[in-house]
Structures are given as structure tokens and as C-alpha cells.
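An overview of the molecular structure
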Amino acid sequence: MNEQQLIAFFEDIHRHPELALQETRTSGKVREALAATGVEFLPCSLPTGSIAVIRGAKPGRTIGLRADMDALPITEESGLPYASEVPGVMHACGHDFHTSAVLGAALLLAERRNELAGTVKIVFQPGEETSEGGHIMAREPALQDVEEYYACHTYPAFPAGMLGLKTGPVMAAPDAFTITIRGKGTHAGNPHFGVDSIPAAAALILSAQTLITRGKDAFEPAVLSFAHLQAGNTWNIIPEEVLLEGTLRTLDEDLRKTLRRRLGEMAEMIAKAHNCTSEIRWDIGPGPVMNDPELCRYAQSLAREMGFDVAPQANTMGGEDFSEYLRDVPGLFVRVGTGGGYTNHHPKFTVNEKALWPAARFFAELALRRAGI
Ligand SMILES: [Zn+2]
Ligand SMILES: [Zn+2]
């Protein structure tokens, strides 16, 4: 496969985006492209996931390359000639780029099998946007011998030809919470006949920010956002309960646990102060993505050798389930400059296709060299 063919592959899957855990066509196209090279596939329990393996001519280490494949429920407004043909679904996070770049790397590695000492396992993961795929794929028996993992992500803040490489935490642990505050419904003209849960919810929303501003070291990042509130349905009835949904984002496991506990305590105490009760339910997300310092230094020097501009990417409190692969294995999450002018998840998000082939070459070279170390 050459650059033009890889771009054509990318445009084809961009036209046909598929939501989390529905990536049937995409994974079929990936398998089709790899089938001609004689690459072997290993068992994978997710029906839309694939694990390909390239075994080198000589023994060596086992390296994992991971790409995610799912799109988002967004109506595309990019105006691209190869825009989504699926109404309401769009590759607005660039996972089509990741799939194509890692497929390109796999094809390049298959051609250079004679040079390869060791094994490269290539993971095409479904369901990243919903955090449903990573924790299952990372535990696949076929991947338990992987010694290092690499993944890429599109990065509109950098132009094509630039890579974002930085050690330490690069993505946050995204936990979701649902708090229910219960009072007693009544006529809005006679609040004393009931127990109003709305002031309790309002007090909680304001007080909870002190967990971030007063309750932790200012140099330790954390975000707490209430994103969805629901109470009542008209102006003259005090509702029985208020539902509050939101997210806690942290980079440190201890702080993550502390803030989870503190938000629960605060909800309980504030509800009690207002004669209400509260209940909190956590949907624990993947952990923070931590870039290994040694792998990062290695990749930085390789990137420069291959002609990329290299800079540290900005910190983000977004989440990524690539961290599921890094529980016991070192890894590196590489931001690939893709320009385009719009952020990930925007309906006008685009990538510069010129970034694709160099990214494929970089990941092939990185896997080849790391396997032989
Ligand atoms: Zn995304
Ligand atoms: Zn993404």
C-alpha cells in the first residue's frame, strides 16, 4: 500500500462512520486490507474488534500498537468531498485517522517482516468514545504478552508534520456521577407542607467547587463539572427529587479516590442540612493515561530523526481508555498534528491527510525498533 491508497482507505472509512461497538464495516475493511499480506489474526472476544499479529524472522520483544475505530453521534458539517454518508454519525474525533495510520503501520511492518526481531500485535479497538472497548480488549488473553503499547491521537492544535510527545499524565481519569437528592413534593405556594430538594441541590452545586479550590493542592489538577440537572416539570409544584449528573476528572489515583469520597460526604451532609436525603452513584471510568518517560524519550529522538517537529502537547482533562492497556505495561500516547482548525468532537472537525502516511511510517519504525531492543 502506498500513500495514495492509504488516504483512499481513510476517506472510505470517513464516509462510513460507525458508532461504538457497531464497527462491523470498518473492522471488515481492516481485515480485508491485511488479509492479502498473510497477517494472522488472534482471537478477540469483541465481535467488531481485531487483533492482528506480525511475527518477525528473529526472536525479540512483543510490542502493541492500538487504534480505536468508533465514530460519534454528530451530524457532519465539514463540507469535505468525502464527508459522512451516514446521517447523524461522524468521525469527529479522528478515529478513522488512527485506524488508517495503524493499518498503514501494520502493512509496512508486514513488508519488512524479514527485518523484524520480535512480534508486533496490532489492536483495532471498538467502543473508545463510550469507554466500553478498552477494558475488554486490554484483558484479551492474546495480548497478555505485550511488553509496550503505543497509540496515536489526532491533534488539531499542531500542524501536519508535528508530533506531541510528553512524559507523565497526558489524559485524565473521567469518572461520572449521578446524585439524587430527595425531599417531599408539595404545592409551590405552600413549601412548608413538603421538603424542597431544590435549595439543597443548589447549595451542593456551589459548595462542591470548594473541593477543587480548597480541598486539594493547587498544583494537582482536577475538574468537577455538573453537566445535567433535572427537577420537576412545571412552575407551581415543588418536585420530590433533583437529579444531578456530572463528571470528576483527575490525574492522580489518590486524589481521585479522595474527591470521590468527599463529594459523596458533601452531598449527604448538605442534603441532611436541608432535611433531605441523598444518594450518589459512580460510574468509574478508565484511569489517567500516563506516558512512560523512557519510551517517550526514545520516541522523541526517533521522531526527530524521521524529520518530525516534536513538542509537548498541552495537558487535557479529556479521558481515553488507552489507559486500560497501561495498568501493568508501559506505553506511550502520541498526539499526531493534524491541523484542521476545529477541535475534536466539533461538527466541522477535519484532519490534514498529509499527516497520515508519515504517522504510519513512524509507528512502523517505532514498533520495529522497539521489538528488536
Ligand atoms: Zn473523542
Ligand atoms: Zn478520540
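Residues numbered from 1 in each chain as written. Chains lettered and ligands numbered in written order. Predicted model: local features only at pLDDT ≥ 70, side-chain atom pairs only at ≥ 80, totals over all residues. Heavy atoms only, no water.

**As for the overall build of the chain**
Within the chain, the secondary structure is distributed over eight helices and 16 strands. With the principal axes as the frame, the chain shows a C-alpha extent of 80 × 40 × 35 Å. Residues counted as buried form 53% of the 373 residues belonging to the chain. Sequence-distant contacts in the chain: of pairs separated by 6 or more residues, those separated by 24 or more amount to 82%. Roughly 16,000 Å² of accessible area belongs to the chain as shown, and the carbon and sulfur atoms make up 53% of that amount. (Helix = DSSP H or I, 4+ residues; strand = E, 2+ residues; numbered from the N terminus. Buried < 20%, exposed > 50% of the residue type's maximum accessible area, 1.4 Å probe, protein only. Contact = heavy atoms within 4.5 Å. Areas by Shrake-Rupley, 256 points an atom, 1.4 Å probe, with all protein chains shown as cover.)

**Observations concerning the coordination of the zinc ion (ligand 2)**
The zinc ion (ligand 2) binds to the protein through Cys93 (SG), His95 (NE2) and His153 (NE2), with metal-donor distances spanning 2.1 to 2.4 Å. Taken in chain order, the donor set of the zinc ion (ligand 2) reads C-x1-H-x57-H. Between the two metals, the zinc ion (ligand 2) and the zinc ion (ligand 1), the spacing is 3.1 Å, and Cys93 donates to both. Here His153 lies in strand β5 (residues 148–155) and His95 lies in helix α3 (residues 95–111), a separation of 58 residues in the sequence. (Donors = N, O, S within 2.8 Å, 3.2 Å for Na, K, Ca; no water.)

**Observations regarding the coordination of the zinc ion (ligand 1)**
Ideal values for angles at a metal depend on the geometry: 109.5 degrees with four tetrahedral donors, 90 or 180 degrees with six octahedral donors. The protein atoms donating to the zinc ion (ligand 1) are Cys93 (SG), Glu129 (OE), Glu129 (OE) and His345 (NE2), with metal-donor distances spanning 2.0 to 2.7 Å. Around the zinc ion (ligand 1) sit four donor atoms; with metal-centred angles ranging over 53 to 150°, the donor geometry is irregular. In primary-sequence terms, the residues that donate to the zinc ion (ligand 1) follow C-x35-E-x215-H. Residue classification places Glu129 among the partly exposed residues on the basis of a relative accessible area of 22%. Accessibility expressed as a relative area gives 38% for His345, which makes it partly exposed. (Tetrahedral: all angles 85-135°; square planar, octahedral: opposite > 155°, others 65-115°.)

**With respect to the domain arrangement of the chain**
Accessible area lost during the coming together of the parts is what is often quoted as the interface size. On domain assignment, one finds that the chain holds domain 1 (3–169 + 288–371) and domain 2 (173–283). Inter-centroid distance (C-alpha atoms) of domain 1 to domain 2 is 38 Å. A per-residue breakdown of the area domain 1 buries against domain 2 is headed by Pro169, Pro288 and Met317, which together make up 78% of the total. Linking domain 1 to domain 2 there are zero salt bridges. At the surface where domain 1 touches domain 2, the tally comes to one residue pair in polar contact (both at pLDDT 80 or more). (Domains from an automatic or database assignment. Buried area = accessible area lost by both parts, 1.4 Å probe. Salt bridge = Lys/Arg side-chain N within 4 Å of Asp/Glu carboxyl O. Polar contact = N/O pair within 3.5 Å; in protein donor to acceptor, adjacent residues only side chain to side chain.)

**Structural notes on the sheet that holds strand β2 (residues 50–55)**
Pairing within the open sheet is mixed, and its eight strands lie in the order β1-β2-β4-β3-β5-β16-β6-β15. Here the strands that pair on one side only, and so sit at the sheet edges, are β1 (40–42) and β15 (309–311). Taking each pair of neighbouring strands and ignoring which way they run, the sheet shows an average axis angle of 30°. Of the strand pairs in this sheet, β2 and strand β4 (residues 117–125) are connected by six bridges, and their pairing is antiparallel. Residue Ile54 lies in a different strand from β4, and its bridge partner there is Val120. Sheet strands touched by α3: β2, β3 (58–68), β4, β5 and β16 (331–337). Its angle to β3, the strand with the most contacts, is close to 160°. Its contacts with the sheet put helix α7 (residues 293–305) on β5, β6 (162–164), β15 and β16, and the angle it makes with β16 is roughly 35°. (Pairing = 2+ DSSP bridges. Axes fitted to C-alpha atoms, helices over the stretch in contact; angles between N-to-C directions.)

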